[in-house]
Structures are given as C-alpha cells and as structure tokens.
Amino acid sequence: MKMNWTGAAHQLNKQGKAYVIATIVGVTGSTPRNSGTKMVITHDDIFDTIGGGHLEHKVIKHAHQLLMAEDDCQQLEHFQLGAQLGQCCGGNASVLFESFSASGVNIMLFGAGHVGKALMPILAGLPCSITWVDSRADQFPDDAGNYHNVTTLVSENPAEEVALMPANSYYIVMTHNHQLDFEISHNTLKRADFAYLGLIASDTKWRRFQQRFQHRDITKSLVEKMNCPIGLPQVQGKLPMEVAVSVAGEIIQLYQAELASQALANPSANKQKDAKPQSTKQGIAWQELKSLMTEEVS
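To start, this report covers the structure provided alongside it. (Residues numbered from 1 in each chain as written. Predicted model: local features only at pLDDT ≥ 70, side-chain atom pairs only at ≥ 80, totals over all residues. Heavy atoms only, no water.)

Nonpolar side chains tend to gather and get buried jointly when the protein is soluble and globular. Residues Ile107, Leu119, Trp132, Ile172, Met174, Val247 and Ile251 are the most contacted members of the largest nonpolar core, which totals 28 residues. Discounting residues that sit within four places of it in the chain, Ile172 has contacts with Ile107, Met108, Leu109, Phe110, Leu119, Leu123, Tyr196, Gly198, Ile230, Val247 and Ile251. Counting 23 residues, the second-largest nonpolar core is a separate cluster that includes Met165, Phe194, Ile218 and Val223. (Core = buried A, V, L, I, M, F, W, Y, C linked by side-chain atoms within 4.5 Å. Buried < 20%, exposed > 50% of the residue type's maximum accessible area, 1.4 Å probe, protein only. Contact = heavy atoms within 4.5 Å.)

In structure tokens form, the structure reads like this:
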C-alpha cells in the first residue's frame, strides 16, 4: 500500500531527498477538495491527492519547477478552476507550496562486521541514503530492513558495486578481508569522483595499500584524498562503538562543510537559484493566510 503524504514526508525527510508539500489553504465556490487537503510531490512520484484534474496537474507541474530550482522556499499560488484551468467546478483555490531541497548524501558502507553493525544505526538517523554491502547474507542484523533509508546488498563481488553510486558519494570500507578492502578502494579511486573514501586500516596495512596503488598507476594526489586512518582523530578508542562514533562524526563534519560551501560559493547552485520560477509570493504573510481562512469560514 502506498504511503500517505505524512508518511512520505517523514521518510523523504529522513533520507534527505527533495520534496514539495502542496496544501489547499483557501477555497471559494465549488472545488474538488476542501481547504487543508495536502499532497507530496517528488521528482518522480506523488503521494495523496488534492482532487485530481487540471488543478492537480498544474500543481504538480509547479512543484517540479520548485524542485528543479533546488532551494527551500514557500510560495502561495491562486488558481481559478473555471477560466484558468478549464474545470467545470467554477471555484477558486489557493495552494501553499512548501519546497524542501535535498539535504542528504549517498553513502555506500562495505562490511557488516562489528564496526559496521555499530555504525549503521547512527548513519540511519542522518539525512542520507545508505547502501550496505557485504558478501555474507547472514551478517546483516535482523532489523536492517527497519531503516527507511538503508538498502542491504548481498554481493559476491562487492568491489563491483562501487559503479552503482552517483558522483560525490561517500564510501566507507571496513570489510573482513584486506584484499577486498583494496579492490573496493582501488575501484573507488579509479572513479575519482568520490566526496569521501574512508578506509579502516592499521599503519602497516595503509603503507602496503599506498604502495599497491602506486603500482596500479593511481596518482599520489588522488590517494591523499582518502581518509585513512578513518574517523576523527579527537575520538580515540578501539571498541566498535568508539570507532563507529568517530567515523560518523567525520561524515557529519564533512557533509555539513560541503553543504555550507555549496550554499555560499557554488556557481551552479547560484545559476539554479537565478532560474527559480517567479511566484506571486516569496514567503507567506500571516495577513494573507488569515484572510484566506476568514473567507473559508464565511
């Protein structure tokens, strides 16, 4: 059964994905649905309905424009169901659009061992989408499927799964096998488009890996982008939970810095904001909402 708008908003917010909540905040005359009706719109799906027909079509189209702009905003739009939309209802509807831009990151975690099991519940509480990879199906905990933003992936060749991720993804490598750790790291380095590549390793293991990367013609500058030793140096300890907290802290620190940097200095983001569709309102004044509610009551 498909989620309603409340469930969809909750899940999308946890995953850090972009969505728009469209709410009918005022109606006059005959309309398909009453004031207070809501729906959620994403890039490729909708949840619930405000009545269907041309009104809903126009609302979805406008929501997609907001999603393309990739900016948090509120807009109030007014629709005449007769002349403007060709619907026989003949009434008027005011729709509040609340747009929430994507705020999460894509993470691929390799390894369902002790540290992986301790790390996953922490990551699952962050605005991110996680793919958890291991070759051993029995290593995943029974409650792994309870997290809306976690996908478990049993793979005979975990290193090949690196290709599934979009650019600027985060890769956390902590499998039970050193050779497998090397192959995963090597494939990620070859992509050269990762936002983060963290490897759990001893000093000896890390030195050997660097030598092997050099023999595979991976440039030193690219290897230097790896995070090894993994985690925040301020967080000491070797217990699984201590390592997990350290790694999660590093992930949070990096994606928060990335989001702040994009907001301040990303030229492509500025262009997208410049292309944002013009609306009748930027931010909703209480006086206008009050007048709409007064009309509804009367």
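On we go from here.
What follows concerns empty space enclosed by the protein. Under the defined criterion, the tally for this structure stands at one cavity of 30 Å³ or more. For the largest cavity, the full set of lining residues is Phe110, Gly111, Val133, Asp134, Ser135, Pro158, Thr175, His176 and Leu180. Each residue belonging to the lining of the largest cavity can be placed in one class, and the counts come to four nonpolar, four polar and one charged. (1 Å grid on protein atoms, 1.4 Å probe; cavity = no way out; pocket = protein on both sides within 12 Å on 5 of 7 lines; lining within 4 Å. Points joined across faces, edges and corners; volume = space filled by probe spheres on them. Nonpolar A, V, L, I, M, F, W, Y, C, P; charged D, E, K, R; others polar.)

Let's shift gears to the environment of Phe79. By secondary structure assignment, the location of Phe79 is in strand S4 (residues 73-80). For the pair Phe79 and Leu55, spaced 24 residues apart in sequence, the C-alpha separation works out to 7.5 Å. (Helix = DSSP H or I, 4+ residues; strand = E, 2+ residues; numbered from the N terminus.)

Contact pair helix H4 (residues 178-191) / helix H5 (residues 203-215): the axes reach a minimum separation of 11 Å and the direction vectors enclose 50°. One finds that H4 runs oblique with respect to H5. In the packing of H4 onto H5, the handedness of the crossing is right-handed. Contacts between H4 and H5 pair His178, Gln179, Asp181, Phe182, Ser185, His186 and Leu189 from the former with Lys205, Phe209, Arg212 and Phe213 from the latter. (Axes fitted to C-alpha atoms, helices over the stretch in contact; angles between N-to-C directions. Parallel < 35°, antiparallel > 145°, perpendicular 65-115°, else oblique. Left-handed = near helix turned anticlockwise from the far one by under 90°.)

A separate point is unusual backbone geometry. Residue Cys228 is joined to Pro229 through a cis peptide bond whose omega torsion reads 5°. Structurally, Pro229 is set in the loop between helix H6 (220-223) and helix H7 (240-265). Positive phi, normally seen in glycine, also occurs at Glu70, with a value near 55°. The residue Glu70 is located in the loop between helix H2 (53-69) and S4 in this model. One non-glycine residue, Asn168, lies in the positive phi region at around 65°. Inspection of the secondary structure puts Asn168 in the loop between strand S8 (150-154) and strand S9 (170-173).

Further remarks concern the sheet that holds S8. If you trace the five strands from one edge of the open sheet to the other, you get S8-S7-S6-S9-S10, paired in parallel fashion. The open sheet has two edge strands with one neighbour each: S8 and strand S10 (196-199). Adjacent strand axes in the sheet meet at a mean angle of 15°, parallel and antiparallel pairs treated alike. Of the pairings in the sheet, the one linking S9 to S10 comprises four bridges and is parallel in character. (Pairing = 2+ DSSP bridges.)

What follows deals with the sheet that holds strand S2 (residues 38-41). Strand order in this open sheet of five strands is S3-S2-S1-S5-S4, and the pairing throughout is antiparallel. A strand with exactly one partner marks an edge of an open sheet, and here the two such strands are strand S3 (46-47) and S4. Pairing of S2 with S3 involves two bridges; the strand directions are antiparallel. Each residue of the ladder has a partner; that of Ile41, found in S3, is Ile46. The strands touched by helix H1 (residues 5-15) within the sheet are strand S1 (19-28), S2 and S3, with S2 carrying the most contacts at an inclination of about 35°.

Tracing the backbone through its elements, the reader meets Asp138 in the loop between strand S7 (128-134) and S8. Here Asp138 falls in the exposed class, since its relative accessible area comes to 66%.

To continue, consider the pattern of salt bridges. Here the idea is simple: oppositely charged side chains can pair when their charged atoms come close. Applying the stated criterion to the full structure yields four salt bridges. For Asp181, the salt bridge identified is with Lys205, shortest N-O distance 2.6 Å. Taken together, the residues Asp181 in helix H4 and Lys205 in helix H5 connect sequence positions 24 residues apart. Since its relative accessible area comes to 0%, Asp181 is described here as buried. Owing to a relative accessible area of 7%, Lys205 belongs among the buried residues under this scheme. The closest approach of N and O atoms between Asp193 and Arg191, which form a salt bridge, is 2.9 Å. (Salt bridge = Lys/Arg side-chain N within 4 Å of Asp/Glu carboxyl O.)

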